[in-house]
Amino acid sequence: MNERYRDRAEAGRELAKRLQKYAGMPDLLVLALPRGGIVVAYEVSISLNGELDVFLVRKLGAPYEPELAMGAIAEGGILLLNDAVVKYLSISKETIEETAQQELAELQRRQQLYRNGRPSPRISGRPVIVVDDGVATGATMKAALKAIRRKEPSVLVAAVPVGAQSTCLELKAAADEVVCLEMPEPFMSVGLWYEDFRQIEDSEVTELLQKAFERQKNEEG
């Protein structure tokens, strides 16, 4: 990789260049993993003329080790467990259910906030591109892909501007196509490959979704 991305918007425009075969595809849906993925996905959706929305996934942190994922919960209440972690730490069913309920409440809060009353998009039978600003371990992306696959899209693509090489290879088991623009070694972290990697606020997610929604309405109208 020659240069770091200036910011997520530039990364999104670069990513869109590699996804041009999907441009103008009927019913194309671009799903962002918020919050970092929304800025990247916004640029991709404009370039490819696809509908933009979010797909929400929350990590389930292990007891006393919240950074360690014992699983994830995705939109629609889909629960995905990391069996190896659950078994190794002997985590009880009650603990998993309690943690899942807490994270589901936060997921639903964000869903309500981001969509502002709009329904979740239809996924079945549509070409879907799932976008984030990068993947390190890829836990969130893997959970999202598994959950989206259950909704039977016609094509499922995972797309990121930068990722750890081993993770990008692992994602191929969950998607029909994986686009990792850059796979630098050593990888270290996603933020290292951006000059501007500021935190994205809820308000920015809402604003970009609203802009995309209005753009699509104008095109349809």
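Refer to the structure above for everything that follows.
Keep in mind it's a predicted model, so treat the numbers as computed, not measured.

> Talk me through the overall build of the protein chain; I want residue IDs and the actual numbers.
Secondary structure assignment for the protein chain yields 7 helices and 8 strands. A compact globule built from 221 residues should have a C-alpha radius of gyration of about 17 Å, and the protein chain, at 17 Å, falls within 12% of that. Burial statistics for the protein chain: of 221 residues in total, 51% are counted as buried. Of all intrachain contacts in the protein chain linking residues separated by at least 6 positions in sequence, the fraction that spans at least 24 positions is 68%. A total of about 11,200 Å² of accessible surface is found on the protein chain, and carbon and sulfur atoms cover 48% of it.

> Can you lay out the sheet that holds strand 5 (residues 78-81) for me, pointing to particular residues and giving the numbers?
Overall, antiparallel pairing links the 3 strands, which are arranged 3-4-5 in an open sheet. Two strands in the sheet have a free side with no partner beyond their single neighbour: strand 3 (57-62) and strand 5. Strand-to-strand twist across the sheet, computed as the mean angle between neighbouring axes with direction ignored, equals 40°. Bridging between strand 3 and strand 4 (residues 65-74) involves 6 bridges; their strand directions are antiparallel. Within strand 4, the residue paired with Gly 61 across the bridge is Ala 69. Contacting strand 3, strand 4 and strand 5, helix 4 (residues 93-115) crosses the sheet at an angle of about 150° to strand 3.

> Tell me about the state of the cysteines, and please be specific about residues and values.
Two cysteines, two sulfur atoms, one covalent bond between them: this is a disulfide. Evaluation of the coordinates by the stated rule reveals 1 disulfide. The partner cysteine of Cys 168 in its disulfide is Cys 180, sulfur to sulfur 2.0 Å. On the S-S bond that ties Cys 168 to Cys 180, the torsion sits near -95°, and the link is left-handed. Taken together, the residues span a long stretch of sequence, with Cys 168 in helix 6 (residues 165-170) and Cys 180 in strand 8 (residues 177-182) at a distance of 12 residues. For Cys 168, a relative accessible area of 3% corresponds to the buried category. Residue classification places Cys 180 among the buried residues on the basis of a relative accessible area of 8%.

> Requested: an account of the pattern of salt bridges, with residues and values cited.
Under the criterion given, the structure shown has 19 salt bridges. A salt bridge links Glu 75 to Arg 115; the shortest N-O distance between them is 3.2 Å. Note that Glu 75 is positioned in the loop between strand 4 and strand 5 and Arg 115 in helix 4, a separation of 40 residues in sequence.

> Tell me what's going on with the pairing of strand 5, and back it up with residues and numbers.
Across the two faces of strand 5 the burial differs, with Ile 78 and Leu 80 buried and Leu 79 and Leu 81 not buried at all. As defined by bridge partners, strand 4 adjoins strand 5 across 4 bridges and the pair is classed as antiparallel. In the sheet register, Ile 73 faces strand 5, and the bridge partner there is Leu 79. In sequence, strand 4 turns back onto strand 5 through a hairpin of 3 residues, with Gly 76 there showing a positive phi of about 85°.

> Account for the side chain of Thr 99, with residues named and values stated.
Mapped onto the elements, Thr 99 comes out in helix 4. Here Thr 99 falls in the buried class, since its relative accessible area comes to 14%. The residues touching Thr 99, leaving out its near neighbours within four places in the chain, are Leu 60, Gly 61 and Met 70.

> Which residues make up the packing of helix 2 (residues 37-48) against helix 7 (residues 202-220), and what are the values?
A pair of packed helices can be characterised by two numbers: the angle between their axes and the separation between those axes. Between helix 2 and helix 7, whose axes approach to 10 Å, the crossing angle comes to 10°. Judged by the inter-axis angle, helix 2 sits roughly parallel to helix 7. Of the residues in helix 7, those in contact with Ile 38, Val 39, Tyr 42, Ser 45 and Ile 46 of helix 2 are Glu 204, Val 205, Leu 208, Leu 209, Lys 211, Ala 212 and Arg 215. When its residues are assigned to classes, the contact of helix 2 with helix 7 shows 8 nonpolar, 1 polar and 3 charged.

> An account of a nonpolar patch on the surface is needed here, citing residue identities and associated values.
A contiguous nonpolar patch, built from Leu 68, Tyr 88 and Leu 89 and spanning about 310 Å² of accessible area, is present on the exposed surface. Tracing the backbone shows Leu 68 in strand 4. Residue class for Leu 68 comes out partly exposed when judged on its relative accessible area of 31%.

> Talk me through the packing of aromatic side chains; I want residue IDs and the actual numbers.
For any pair of aromatic rings, the description consists of the separation of the ring centres together with the inter-plane angle of the planes. Scanning the model with the defined rule gives 2 aromatic pairs in all. Here the aromatic rings of Tyr 5 and Tyr 194 are separated by 5.6 Å at their centres, their planes lie at 40°, and the arrangement is tilted. Taken as a pair, Tyr 5 in the segment before helix 1 (8-18) and Tyr 194 in the loop between strand 8 and helix 7 lie far apart in primary sequence, 189 residues in all. This pair shows no difference in class: Tyr 5 is buried, exactly as Tyr 194 is. Feature note: the residues Tyr 5, Tyr 194 and Phe 197 constitute an aromatic cluster, connected by ring pairs. If you follow Arg 8 out to its NZ or CZ, it ends over the ring of Phe 197, 4.3 Å from the centre. A cation over a ring is seen here: Arg 118 above Phe 213, with NZ or CZ 4.6 Å from the ring centre.

Reading the values: rules and limits
Residues numbered from 1 in each chain as written. Predicted model: local features only at pLDDT ≥ 70, side-chain atom pairs only at ≥ 80, totals over all residues. Heavy atoms only, no water. Helix = DSSP H or I, 4+ residues; strand = E, 2+ residues; numbered from the N terminus. Rg over C-alpha atoms; globule rule 2.2 N^0.38 Å. Buried < 20%, exposed > 50% of the residue type's maximum accessible area, 1.4 Å probe, protein only. Contact = heavy atoms within 4.5 Å. Areas by Shrake-Rupley, 256 points an atom, 1.4 Å probe, with all protein chains shown as cover. Pairing = 2+ DSSP bridges. Axes fitted to C-alpha atoms, helices over the stretch in contact; angles between N-to-C directions. Disulfide = S-S within 2.5 Å. Salt bridge = Lys/Arg side-chain N within 4 Å of Asp/Glu carboxyl O. Parallel < 35°, antiparallel > 145°, perpendicular 65-115°, else oblique. Nonpolar A, V, L, I, M, F, W, Y, C, P; charged D, E, K, R; others polar. Patch = residues over 30% accessible without salt bridge, like charges linked within 9 Å, V, L, I, M, F, W, Y side chains within 5 Å. Phe/Tyr/Trp six-rings, centres within 6.5 Å; stacked < 30°, edge-to-face > 60°. Lys NZ or Arg CZ within 6 Å of the ring centre and 35° of its normal.

Remember that the coordinates give geometry; whether it matters functionally is a separate question.
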